[in-house]
Structure formats: C-alpha cells, structure tokens
Amino acid sequence: MGTYETRLARARDILNEKSIDVLLLTDGYNIHYVTGYAGHEGMALIFNDQAVVLTDSRYTEAAAKEAPCFTVVDIKSEGYGKTIRRILAEAGVREDASIGFEDRQISYRQMKRLSEDLSERTVWVEIGDAAEYLRYLKDPEEIECLARAEAIGDEAFAHILTVLKPGMTEREVALALEVSMRERGASGLSFDTIAASGENSSMPHAVPTDRVLSEGDFLTMDFGCIYRGYCSDMTRTVLIGKEREAEQIRVYETVLRAQKAALTAIRPGAMTHEVDKIARDIIADAGYGDCFGHGLGHSVGLFIHEEPRLSPKCEKELEPGIVITCEPGIYLPGRFGVRIEDMVVVTEDGYRNLAGSPKELIRV
Ligand SMILES: [Mn+2]
C-alpha cells in the first residue's frame with residue numbers, strides 16, 4: 001500500500017476504536033497527514049464507503065493533486081455543514097449516525113454551525129487525541145524530511161557564527177538566521193525565531209528586540225524551519241566575547257551536562273518523564289532547580305509541538321520513530337539564561353541526533 005492508502009486505512013481504524021460511523025477531521029495538520037492535502041483550509045470526512053476532502057474553490061485544484069485517495073468536494077455557497085449532510089444522505093448514511101469530531105481543536109463556532117446544519121439526530125462523539133496519535137511515529141520518509149529541516153538549521157547556525165559581532169541587534173540576528181534557512185531550501189519558519197541576548201536570555205520565549213549585542217552577553221538562538229511540510233527545532237547559546245561572571249560558565253556547563261545525560265537515556269522503552277527527570281535532577285543538584293520551568297522536550301513533525309513530550313507530566317514509553325527535542329535550560333531572571341536543544345529520532349537501539357552543530361561553549 002502507498003503512504004496515503006495506509007494512512008487512510010489507519011484513520012478508518014478510528015471508526016472501530018471509537019465506535020463511530022463517520023470521522024470528521026478539522027485539524028489542518030491531521031488533514032494534511034491523513035489526506036496529503038496541505039492547504040489548511042477544509043475538512044476531511046471519512047467513513048467506510050467514502051473518503052472526502054471538503055474545501056473551497058481557492059484550494060480544490062491543489063487538493064485534488066495532493067490527496068490521491070480522497071474525493072475533493074467544493075463546498076461552494078452551501079458551506080461545510082450542509083455539504084456534509086448532503087454527502088452522507090446520498091451515501092445512505094442514517095440521520096442518527098455517530099460522527100466523531102476533533103473536540104481538542106474545533107472551535108465553538110464551527111461546532112455550533114455544524115450541529116445546526118446537520119440532522120439534530122446526529123450523535124456527536126469526541127475523539128480526543130485519536131487523530132494526533134496517527135502522527136506519533138514517523139516513517140522513514142518523514143524522518144528524512146525532518147533530518148533535512150534540522151540540517152538546514154545547522155547550516156544556518158554555521159553561517160550566523162561567521163557574521164555575529166558586538167553591535168548587532170537581536171532582530172538582525174533573527175533575520176539573518178531566517179534568510180539563511182530560506183536560502184538553503186526552507187519553505188518557511190516552524191515558529192517565530194528567538195534571539196535573546198544579555199538579560200533577555202533569561203526569558204525562554206523572548207521576542208527579538210533592538211537590543212544590541214555586547215561583550216559578556218549570552219545570546220540564545222532558538223530557531224527552526226519547514227522543509228517539505230516538516231519542522232525543525234534547535235537552540236544554541238553562545239557567548240559574546242568574555243564572560244562577565246564565572247557563574248555564566250557554571251550555568252552553561254550544567255545545562256550541557258544535563259542535555260548530554262538526558263540524550264544518552266533516549267532509547268526504546270525509556271519513559272518520557274524519566275528522561276526529563278535525568279536532566280532536571282542534574283540542574284537541581286547544581287542548585288538551579290527553580291530555574292528550569294519548562295519540559296525537557298516535545299515531539300516534532302508537521303507541527304512544531306507534538307506528542308509525546310519529555311516532561312514530568314507525560315508518562316509514555318519511547319518507541320522507534322518518535323522524533324523529539326531535548327532542550328534543558330537554566331534561566332536567572334534579570335541576569336541571563338542558557339538553553340541547548342537538539343532534535344533526535346528514537347532508533348531501534350538508541351537515538352540518532354538530527355542536529356550536528358557543536359555544543360561546547362562558543363565565544364564569538
Ligand atoms: Mn523546542
């Protein structure tokens with residue numbers, strides 16, 4: 001079976017799992033994964049007899065090319081709800097059929113309109129994360145796209161090291177990284193680039209400002225791109241010239257030690273919350289337990305933040321094909337912060353690091 005035949009078959013398995021007659025996908029990433037259609041405007045309707053992508057005339061031609069196993073229907077002026085009602089009626093689906101919907105993603109307004117336009121006898125069933133779970137394990141083709149996306153990040157990092165200098169602003173750093181990734185084949189960014197220097201680096205998700213890089217600053221760059229639909233994510237923290245205080249070096253070495261120790265624990269069978277704990281314990285033992293508030297990592301695929309996560313709150317077993325980040329950090333408010341992040345794929349006997357950039361402290 002081809003990729004999309006397999007994915008459609010796996011989506012149809014949800015019909016049995018959830019005991020529903022019809023599956024309605026509304027999340028753009030899930031639609032993209034299951035159908036191949038990447039337009040992010042539309043819905044997918046899947047039942048035993050049919051598989052339909054519904055969208056409007058701006059996307060119908062592209063959808064027909066991208067979604068080989070689906071019939072593409074133009075909603076025209078009818079709208080989604082009435083079109084779905086007509087398709088189901090024409091296929092002989094009973095009015096009191098159960099329709100599984102993406103309760104995690106659909107908006108209140110969309111849901112209200114659908115329930116107004118479909119039969120009032122429709123049984124609506126929440127499918128939770130069932131569709132996201134289809135995307136949990138990446139196949140070899142997806143892994144190669146993720147690897148290429150991460151390699152583009154490596155190349156952009158190597159480039160930025162040649163242009164970084166005191167006097168540049170955070171916004172200039174972010175722009176240079178972004179241009180560099182686009183020049184190397186990225187179709188876009190997987191999230192807003194972070195370039196945080198000096199005291200701004202203590203904010204894990206700082207927005208780049210006009211702050212000028214100066215001697216003794218840490219500069220944290222967290223960036224990623226999209227390659228053939230797949231995201232990358234990496235973070236490096238570099239030092240501008242000479243440190244201001246010895247504690248900067250101690251913090252950097254602690255984060256690096258935590259990152260390396262957690263990575264070596266990544267293998268099939270390892271529990272996600274236990275990998276998180278390895279890094280968290282090293283950071284706490286060094287006296288920075290209160291300075292690492294976020295999870296250790298997240299999965300990456302078509303979307304930048306996927307499940308499972310390396311986090312105290314996520315208790316899942318790692319399996320080959322999971323692509324996940326490992327990104328501990330220490331943040332001292334008002335002073336400085338350090339984060340180091342690689343993106344890896346779990347293999348049969350461990351992991352393959354998709355990031356190749358150096359991690360020992362770099363001074364520029
Ligand atoms: Mn990340």
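Since the model is a prediction, treat every value here as computed from it, not as a measurement.

### With respect to the domain arrangement of the protein chain
Quoted interface sizes are often the accessible area lost when the parts come together.
Next up, step 1: Each assigned domain of the protein chain is listed with its residue range as follows: domain 1 (3-133) and domain 2 (140-353).
Next up, step 2: Put simply, the middle of domain 1 and the middle of domain 2, counted by C-alpha atoms, are 36 Å apart.
Next up, step 3: With six residues of domain 1 at the interface, the matching set in domain 2 holds seven residues.
Next up, step 4: Interface area, domain 1 with domain 2, both sides summed: about 550 Å², of which 65% is carbon and sulfur.
Next up, step 5: At the boundary of domain 1 with domain 2, the tally comes to one salt bridge.
Next up, step 6: Between R7 and E142 there is a salt bridge, with its nearest N and O atoms 3.8 Å apart.
Next up, step 7: The tally of links between domain 1 and domain 2 comes to zero residue pairs in polar contact (both at pLDDT 80 or more).

### Regarding the coordination of the manganese ion
Next up, step 1: Only D233 (OD), H298 (NE2), E327 (OE) and E341 (OE) from the protein coordinate the manganese ion, and they sit 2.0 to 2.3 Å from it.
Next up, step 2: One chain supplies every donor for the manganese ion, spaced along it as D-x64-H-x28-E-x13-E. With H298 in strand β13 (residues 297-299) and E341 in the loop between β17 (336-339) and β18 (342-346), this pair connects stretches of sequence that are 43 residues apart. Grouping residues by exposure puts H298 and E341 together as buried.

### Digging into the nonpolar core
Next up, step 1: In this structure, L23, F70, L164, V173, L219 and M221 are the most contacted members of the largest nonpolar core, which totals 60 residues.
Next up, step 2: The residue makeup of this core includes at least three contributed by each of domain 1 (3-133) and domain 2 (140-353).
Next up, step 3: In contact with F70, other than residues within four places in its own chain, are L8, V34, T35, A44, I46, A51, V52 and V53.
Next up, step 4: By size, the runner-up hydrophobic cluster in this structure holds 33 residues, among which are A258, V275, V344 and V346.

### Section: the environment of S202
Next up, step 1: Here S202 is to be found in the loop between β8 (194-197) and β9 (218-223).
Next up, step 2: A sequence separation of 196 residues divides S202 from T6, and the C-alpha atoms of the two residues are 45 Å apart.
Next up, step 3: Residues contacting S202, with those up to four places away along its chain left out, are Y331, L332, P333, G334, F336 and G337.
Next up, step 4: Among the polar contacts made by the side chain of S202, one reaches the main-chain carbonyl oxygen of E199 at a distance of 3.0 Å.

### Some thoughts on the pattern of salt bridges
Next up, step 1: All chains considered together, the criterion is met by 38 salt bridges.
Next up, step 2: A salt bridge links D222 to R339; its shortest N-O distance comes to 2.9 Å. Taken together, the residues D222 in strand β9 and R339 in strand β17 connect sequence positions 117 residues apart. One exposure class covers both D222 and R339, and it is buried.
Next up, step 3: Look at the salt bridges and you will find they share partners, linking D27, R104, D129, E132, R135, K138 and E306 into a network.

### Concerning the pairing of strand β15 (residues 323-326)
Next up, step 1: Side-chain alternation along β15 places V323 and T325 on one buried face and I324 and C326 on a second face that is also buried.
Next up, step 2: Relative to β18, β15 is paired through four bridges, and the arrangement is antiparallel. Each residue of the ladder has a partner; that of I324, found in β18, is V344.

### Comments concerning the sheet that holds strand β11 (residues 230-231)
Next up, step 1: If you trace the three strands from one edge of the open sheet to the other, you get β7-β10-β11, paired in antiparallel fashion. One side of each edge strand has no neighbouring strand; the edge strands of this open sheet are β7 (188-189) and β11.

### Quick word on the pairing of β8
Each regular strand shows side chains that alternate between the opposite faces of the sheet.
Next up, step 1: Side chains I194 and A196 project from β8 onto one buried face, and the interleaved A195 and S197 project onto a second face that is buried too.
Next up, step 2: Where β8 lies against β9, four bridges are found, and the strand directions are antiparallel. Looking at β9, one finds that A195 is bridged to M221.

### Some words on the packing of aromatic side chains
Next up, step 1: Applying the stated criterion to the full structure yields six aromatic pairs.
Next up, step 2: The interplanar angle of 85° and the centroid separation of 6.0 Å between the aromatic rings of F101 and W124 together place this pair among those described as edge-to-face. Here W124 lies in strand β6 (residues 123-126) and F101 lies in strand β5 (residues 98-101), a separation of 23 residues in the sequence.
Next up, step 3: Owing to a relative accessible area of 9%, F101 belongs among the buried residues under this scheme.
Next up, step 4: Given the relative accessible area of 23%, W124 is considered partly exposed.
Next up, step 5: An aromatic cluster is built from F218, Y252 and F336, whose rings are joined through pairwise contacts.
Next up, step 6: Its end group placed over the ring of Y33, R7 keeps NZ or CZ at 3.9 Å from the ring centre.
Next up, step 7: Seen from the ring of F292, R280 lies directly overhead, with NZ or CZ sitting 4.1 Å from the centre.

### Thoughts on the layout of surface pockets
Next up, step 1: A volume near 390 Å³ is recorded for the largest pocket.
Next up, step 2: Lining the largest pocket are 23 residues, and of these H205, D222, H298, H305 and E327 lie nearest its centre.
Next up, step 3: For the lining of the largest pocket, the elements supplying multiple residues, two or more each, are β13 and β14 (306-310).
Next up, step 4: The calculated volume of the second largest pocket comes to roughly 290 Å³.
Next up, step 5: Taken together, 17 residues form the lining of the second largest pocket, with E41, G42, M43, Y80 and Q110 sitting closest to its centre.
Next up, step 6: Put simply, the parts of the chain that give the lining of the second largest pocket at least two residues each are α2 (28-35), α4 (79-90) and α5 (108-117).
Next up, step 7: In terms of residue count, α5 provides more of the lining of the second largest pocket than any other element does, five residues in total.
Next up, step 8: Tallied by class, residues from the lining of the second largest pocket come to five nonpolar, eight polar and four charged.

Basis of the calculations
Residues numbered from 1 in each chain as written. Predicted model: local features only at pLDDT ≥ 70, side-chain atom pairs only at ≥ 80, totals over all residues. Heavy atoms only, no water. Domains from an automatic or database assignment. Contact = heavy atoms within 4.5 Å. Buried area = accessible area lost by both parts, 1.4 Å probe. Salt bridge = Lys/Arg side-chain N within 4 Å of Asp/Glu carboxyl O. Polar contact = N/O pair within 3.5 Å; in protein donor to acceptor, adjacent residues only side chain to side chain. Donors = N, O, S within 2.8 Å, 3.2 Å for Na, K, Ca; no water. Helix = DSSP H or I, 4+ residues; strand = E, 2+ residues; numbered from the N terminus. Buried < 20%, exposed > 50% of the residue type's maximum accessible area, 1.4 Å probe, protein only. Core = buried A, V, L, I, M, F, W, Y, C linked by side-chain atoms within 4.5 Å. Pairing = 2+ DSSP bridges. Phe/Tyr/Trp six-rings, centres within 6.5 Å; stacked < 30°, edge-to-face > 60°. Lys NZ or Arg CZ within 6 Å of the ring centre and 35° of its normal. 1 Å grid on protein atoms, 1.4 Å probe; cavity = no way out; pocket = protein on both sides within 12 Å on 5 of 7 lines; lining within 4 Å. Points joined across faces, edges and corners; volume = space filled by probe spheres on them. Nonpolar A, V, L, I, M, F, W, Y, C, P; charged D, E, K, R; others polar.

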